[in-house]
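Residue-level listing of the chains:
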Protein chains: 2
Amino acid sequence: MAKKITIYDIAREAGVGIGTVSRVLNNNPSVTPETRTRVTEVAKRLSYQPHTYAQRLARQQSETISAVIPFFTSYFFMEVLRGVQEKVSEYGYDLVLYGVEHADEVESYVAKALRRGKVDGILFFSMKMPDRVLADLKESNLPVGLVDAVSPSFDSISVANSEGAYTATTHLLELGHRKVGMVNAQSMSTPALERLQGYRRALEEQGIPYSDSIVRCGKNTRHDGFNRDSGYEAMLDFIAMGPDMPNAFFISSDIQAFGAIAALNEKGLRVPEDVAMVGFDDIELARLMRLTTMRQPMFQMGVLAIERLVARMSHPEMEILHTTFSPTLIVRESCGALMTSEGTPSAKSRLR
Amino acid sequence: MAKKITIYDIAREAGVGIGTVSRVLNNNPSVTPETRTRVTEVAKRLSYQPHTYAQRLARQQSETISAVIPFFTSYFFMEVLRGVQEKVSEYGYDLVLYGVEHADEVESYVAKALRRGKVDGILFFSMKMPDRVLADLKESNLPVGLVDAVSPSFDSISVANSEGAYTATTHLLELGHRKVGMVNAQSMSTPALERLQGYRRALEEQGIPYSDSIVRCGKNTRHDGFNRDSGYEAMLDFIAMGPDMPNAFFISSDIQAFGAIAALNEKGLRVPEDVAMVGFDDIELARLMRLTTMRQPMFQMGVLAIERLVARMSHPEMEILHTTFSPTLIVRESCGALMTSEGTPSAKSRLR
DNA sequence: CTGAAAGCGCTAACAC
DNA sequence: GTGTTAGCGCTTTCAG
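Residues numbered from 1 in each chain as written. Chains lettered and ligands numbered in written order. Predicted model: local features only at pLDDT ≥ 70, side-chain atom pairs only at ≥ 80, totals over all residues. Heavy atoms only, no water.

Visitor: With reference to specific residues and values, describe empty space enclosed by the protein.
Guide: Across all of its chains, the model carries three cavities of 30 Å³ or more by this definition. If you list the elements that add at least two residues to the lining of the largest cavity, you get α4 (52-59) and β2 (94-100) of chain A together with α4 (52-59) and β2 (94-100) of chain B. Lining the second largest cavity we find Leu123, Val144, Gly145, Leu146, Val147, Asp155, Ser156, Ile157, Ala305, Arg308, Leu309 and Arg312 of chain B. Elements with a minimum of two residues in the lining of the second largest cavity: β4 (144-147), β5 (155-159) and α13 (298-314) of chain B. Counted by class, the lining of the second largest cavity contains seven nonpolar, two polar and three charged residues. (1 Å grid on protein atoms, 1.4 Å probe; cavity = no way out; pocket = protein on both sides within 12 Å on 5 of 7 lines; lining within 4 Å. Points joined across faces, edges and corners; volume = space filled by probe spheres on them. Helix = DSSP H or I, 4+ residues; strand = E, 2+ residues; numbered from the N terminus. Nonpolar A, V, L, I, M, F, W, Y, C, P; charged D, E, K, R; others polar.)

Written as structure tokens, this is what we have:
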């Protein structure tokens with residue numbers, strides 16, 4: 001530790017008071033150019049480094065934003081986090097990360113985070129938080145932002161899950177499929193629930209009765225079920241239905257779609273010839289796998305979340321804002337839309 | 001902000017001195033059980049929250065560890081970060097994240113991080129840092145750990161890149177391939193360089209002359225080149241060689257391998273029938289894609305990195321430790337090893 | 001414009 | 001055991 005140089009050292013060395021030193025360090029205009037340069041030089045010569053926590057204590061603010069995220073259940077968070085990180089550092093804040101696996105951990109975390117002055121703002125990702133926690137948070141008056149989650153009391157950035165699922169399902173229906181199943185994630189997850197609703201609405205709008213029997217979630221429900229294995233198992237389950245199996249699927253996430261494809265391939269079934277599918281997320285590999293999917297502007301969501309949070313930090317009374325992004329349909333080959341009119345896929349269309 | 005309750009408030013309310021309050025709050029044994037409970041109760045009643053930064057200032061320690069990572073150039077970092085996060089919170093530290101895109105950003109970051117007392121330790125990921133920065137760091141005496149990078153002056157956790165590449169290439173060679181090419185990342189990246197060396201050594205050991213002409217890095221060298229597009233373009237380049245193209249490849253990362261497969265498929269070439277390949281990393285999707293690859297224990301690396309760092313924080317004089325993990329070969333189908341003796345892949349072996 | 005002094009909230013050494 | 005006091009290093013009045 002470079003000998004702990006404090007403003008006292010540089011004050012003495014420069015022959016001024018600590019107040020003046022603090023002023024030049026903080027670019028306070030009321031300092032003579034001469035003193036300013038003198039102080040600046042001494043500071044540099046002594047390679048002075050302000051003590052972060054002393055500043056934070058005196059200023060009564062942390063210059064820190066924290067993000068509480070389900071660590072890391074998916075690629076989705078990583079992308080959003082990139083946006084968050086970029087913006088946070090642009091604003092000059094520190095980003096502290098908290099990973100939680102279960103909802104109950106959130107509570108203990110919130111308690112710690114609420115330590116007075118610890119953070120200037122918090123972002124919660126995809127968390128279904130207990131009402132009491134929500135109440136505590138609200139009462140604390142701490143700026144809070146929700147990402148991929150919604151609550152009336154806080155700003156939120158989310159995706160129109162229901163709408164996206166509706167679009168995806170409708171796309172499949174319009175391609176002529178009548179029996180469209182759904183591979184879903186854990187129904188306790190809000191996005192999963194909303195996507196299910198969208199799927200259902202699309203079906204009903206086309207006069208197709210909804211049936212629980214063609215909606216599955218893999219047994220392997222580690223975390224929220226938005227994972228490869230869950231998709232794999234759900235599809236295996238469908239395949240076991242034999243001839244009754246749907247020939248088209250809306251799948252609640254790309255990663256699950258990949259699992260489903262693996263299951264299909266293993267059983268000798270091909271996409272899109274034997275079964276068509278559309279995913280959700282548009283993660284990087286979706287393009288590679290030629291998966292038709294619903295794109296979410298993940299990075300943008302992260303950026304916006306921080307912008308909103310920072311805005312609220314400076315204007316606490318600002319009215320609560322809920323922003324919803326509409327996912328867009330990215331047509332690739334897994335849905336079969338690019339098949340030739342003869343009903344066989346074009347050379348490039350055959351998935352993988 | 002719940003009215004800023006301080007230890008003074010609770011001292012007054014409980015009829016004791018702030019010293020005592022501090023003691024019970026810090027579980028200092030020298031307090032009568034009676035006073036202890038009394039103080040505890042008052043604290044709870046007032047829902048007291050210690051001020052983090054006041055504590056840190058007084059204690060002269062930050063209880064914070066920071067991680068500087070190329071944000072997020074790949075899945076690799078995310079996995080390691082999961083291990084890091086888990087361990088950090090287990091130790092009760094805060095994790096602050098810094099994302100850097102270019103090497104020069106590292107310097108300015110280090111300057112900020114070195115602000116006296118800001119962090120108790122830093123982890124640098126895959127960074128090739130200027131010597132001067134290294135020197136500053138060393139001089140600062142701050143506990144530092146390197147992940148996926150090595151320097152004589154600091155603890156490090158890394159992977160035997162050369163060895164892994166050697167194993168991968170040898171595997172291909174032993175499968176009977178004589179013309180084994182390599183798709184590499186940016187040669188400025190240390191891992192990329194090391195993997196190249198391992199590849200080369202394997203070749204030469206089998207008496208096959210090394211040739212620059214069958215080692216490529218995609219033009220699209222965003223970041224360090226460990227990305228899908230780089231693999232895609234490199235392979236397109238190879239395909240352009242026509243009949244001279246190698247029929248087997250060691251590819252420096254899985255994600256690049258996926259890009260390469262996409263390029264191959266686009267041109268009507270199949271894996272492993274037309275070209276065999278083995279990747280590096282064993283990211284989640286590798287299993288799904290049936291990619292033979294070299295597995296790195298990413299999560300474990302993160303865990304170990306923190307354990308080491310924490311150890312060094314308490315024993316600064318501990319001798320410097322370099323830990324190297326040997327990647328293990330995971331044989332799946334992309335290398336063709338699972339083909340039937342007739343030379344055609346088994347039903348399940350055909351990639352995708 | 002600038003020096004002195006009073007905090008910011010907590011820890012820890014020191015008496016009683 | 002427990003109260004008192006002196007910092008931790010910086011910001012911010014408040015005089016002058």
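That shown, we press on.
Visitor: Requested: an account of the relation of the copies chain A and chain B, with residues and values cited.
Guide: Overlaying chain A with chain B gives an RMSD of 0.1 Å, the required rotation being 180 degrees about an axis along which the chain moves by 0.0 Å. Here the copies are linked by what is in effect a two-fold axis. Within chain A, Val96 of chain A has its C-alpha nearest the rotation axis, a separation of 2.1 Å. In this assembly, 98% of the residues forming the interface of chain A have copies in chain B that are likewise at the interface, indicating an isologous arrangement. (Least-squares fit on C-alpha atoms with pLDDT ≥ 70 in both. Contact = heavy atoms within 4.5 Å.)

Visitor: Kindly report on the protein's contact with DNA strand C, identifying the contributing residues and their values.
Guide: The environment of DNA strand C is formed by 31 residues, the closest being Gly17, Thr20, Arg23 and Thr32 of chain A together with Tyr48 of chain B. Restricting attention to atoms of DNA strand C within 4 Å of the protein, one finds that 64% of them are sugar or phosphate atoms. One of the side-chain N or O atoms of Thr35 of chain A is found 3.0 Å from a phosphate oxygen in DNA strand C. Contact between DNA strand C and Ile7 of chain B: a phosphate oxygen at 2.8 Å from a main-chain N or O atom of the residue. Among the elements of the structure, α2 (18-25) and α4 of chain A together with α1 (7-14), α2 (18-25) and α4 of chain B are those that each provide at least two residues to the surface near DNA strand C. Grouping the amino acids of the surface near DNA strand C by side-chain chemistry returns 12 nonpolar, 14 polar and five charged. (Near = heavy atom within 4 Å. Polar contact = N/O pair within 3.5 Å; in protein donor to acceptor, adjacent residues only side chain to side chain.)

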